[in-house]
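# Structural features, examined
Here are the chains, one letter per residue:
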Amino acid sequence: MSFAKGQDLLRLAMMATRRRGVSLMEIEEEFACSERTAQRMTDALQAAFPQTERRVDEDRRARWLIPARAIAPLLTPSADELVALAEAIAQLDMAGLRKEAAHARGLERKVRALIPPEQGTRLDVDTEAVLEALGHAARPGPRPAADEGVVEAIYEALKGPNLLRIMYRRRDEDEPHERVVAPHGLLLGVRRYLVARDTAKGPQANLRHYRVEEIQRADLLDGMCEIDPGFSLKRHAEKGFGSYESADEFGEVVWRFTSDAAAHARRFVFHPTQTTEEMADGSLIVRFMASGHLEMTWHLYAWGDAVEVIAPLALREMVEGHRRRFPALP
């Protein structure tokens, strides 16, 4: 068996330790293979791990299950995986999510405790070297500030899901006002936004974004709340350029990068829905669907006169007069 196939077999074994095991369809999706190849992989799985059990689920589909203890000795993490976990913890700290960062640190300690002693020292050395190269210990920059009690209440409400009573102050308000909301998700960025529906406006009201830093108090309520059928936080987030989303602003955005900046711009993913077009003069056209004009202007300013807003007109007018030449690109 080749090394690559051995790695695939171990990946499949890890999938089989899930509570429901793994099906042929899931193997096809994970490994981008045909049904026949997936069947051969299950044969190899049963040969390599005699503890493998084949069951038929309620949908009459075959599923393969392995007790987690059967493959535990083979799952020592790599230095790269430990680095990725440490980086995730650093990003949680940067985002101001202290409770989640603490949970991730607890997970890291548990993972390290399970590493055989003879391998632990080598992994520690490799991990430390990579983290030093990444500069993860010293990463200055702005971070959102919020009441820890508020953040904890939001997370508990999202797990329920439960209704949440908040004291919230809009930008145009002098004092906060009480609202009872049905939380649907949390958007992370320079600012954090709670995506929720104001229950006082009825079940058909649009979802709104509440800046977490402006929630002065949050109390978890006993009442469960209904999440909109078909709601996807990923699709909802894609409606915005950053954390902000506005139905009034949503539409096609078109930017043209000069020929001098085109090569640099190609290395950016400005939005998940973007498409690009190479122009005869060497410039680059980027198109995507989103809202959040103010967040776009903050980013566009860093590109100076190397980018031109083609559409929408409202965004073009916002950046007009604020384009200047910078000695470097973002």
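To be clear, the structure that these remarks concern was listed above.
Residues numbered from 1 in each chain as written. Predicted model: local features only at pLDDT ≥ 70, side-chain atom pairs only at ≥ 80, totals over all residues. Heavy atoms only, no water.

### Examining the pattern of salt bridges
Stated precisely, the cut-off is as follows: Note on definitions: salt bridges are taken to be side-chain nitrogens of Lys or Arg within 4 Å of carboxyl oxygens of Asp or Glu. Only protein chains enter the calculation, and the probe is 1.4 Å; a residue is then buried if its accessible area is under 20% of its type maximum, exposed if over 50%, and partly exposed in between.
In this structure the tally under the stated criterion is 23 salt bridges. With a shortest N-O distance of 3.3 Å, Arg-211 and Glu-214 are connected by a salt bridge. Comparing Arg-211 with Glu-214 shows no difference in burial state: the two are buried. A salt bridge links Asp-219 to Arg-217; its shortest N-O distance comes to 2.9 Å. Note on Asp-219: relative accessible area 27%, which makes it partly exposed. When salt bridges that share partners are traced, they join Arg-20, Glu-26, Asp-57, Glu-58, Asp-59, Arg-61 and Arg-63 into one network.

### Examining the sheet that holds strand β10 (residues 275–278)
What counts is decided by this rule: By this definition, two strands are paired if DSSP reports at least two bridges between them. The helix and strand labels rest on DSSP assignments: H or I over at least four residues marks a helix, E over at least two residues marks a strand, and numbering proceeds from the N terminus. For helices, the fitted axis covers only the stretch in contact; all axes are lines through C-alpha atoms, and the angles between them, taken along N-to-C directions, range from 0 to 180 degrees.
Ordered by their spatial adjacency, four strands build an open sheet running β10-β11-β9-β12, and the pairing between neighbours is antiparallel. Edge positions in the sheet fall to β10 and β12 (307–311), since each has one partner strand and no second. Taken over all neighbouring pairs, the strand axes of this sheet differ in orientation by 25° on average, direction set aside. As defined by bridge partners, strand β9 (residues 251–257) adjoins strand β11 (residues 284–290) across seven bridges and the pair is classed as antiparallel. For Arg-256, the partnering residue across the bridge sits in β11 and is Ile-285.

### A short note on the packing of helix α6 (residues 98–113) against helix α8 (residues 148–159)
The following threshold applies: Throughout, the term roughly parallel applies to angles under 35 degrees, roughly antiparallel to angles over 145, roughly perpendicular to angles from 65 to 115, and oblique to all others. Every residue pair with non-hydrogen atoms within 4.5 Å of one another is taken to be in contact. The nonpolar class holds Ala, Val, Leu, Ile, Met, Phe, Trp, Tyr, Cys and Pro. Asp, Glu, Lys and Arg form the charged class, and all remaining residues, Gly among them, are polar.
At a minimum axis distance of 9 Å, the contact between α6 and α8 shows a crossing angle of 70°. What the angle tells us is that α6 and α8 run roughly perpendicular. Within the contact between the two elements, α6 uses Arg-98, Lys-99 and Glu-100 and α8 uses Glu-148, Glu-152, Tyr-155 and Glu-156. Of the residues contributing to the contact of α6 with α8, the split by class is one nonpolar, no polar and six charged.

### What about the environment of Leu-207?
With respect to the element layout, Leu-207 can be found in the loop between β6 (193–198) and β7 (208–211). In the structure, Leu-207 is positioned 10 residues away from Arg-197 in sequence and 4.7 Å away in space, judged by C-alpha atoms. Setting aside anything within four residues of it in sequence, one finds Leu-207 in contact with His-184, Val-195, Ala-196, Arg-197, Asp-228, Phe-231 and His-236.

### Thoughts on the packing of helix α2 (residues 24–31) against helix α3 (residues 35–48)
Two numbers describe how α2 lies on α3: the axes approach to 9 Å, and their chain directions differ by 105°. As the angle between them shows, α2 and α3 are arranged roughly perpendicular. Of the residues in α3, those in contact with Leu-24, Ile-27, Glu-28 and Phe-31 of α2 are Glu-35, Ala-38, Gln-39, Met-41 and Thr-42.

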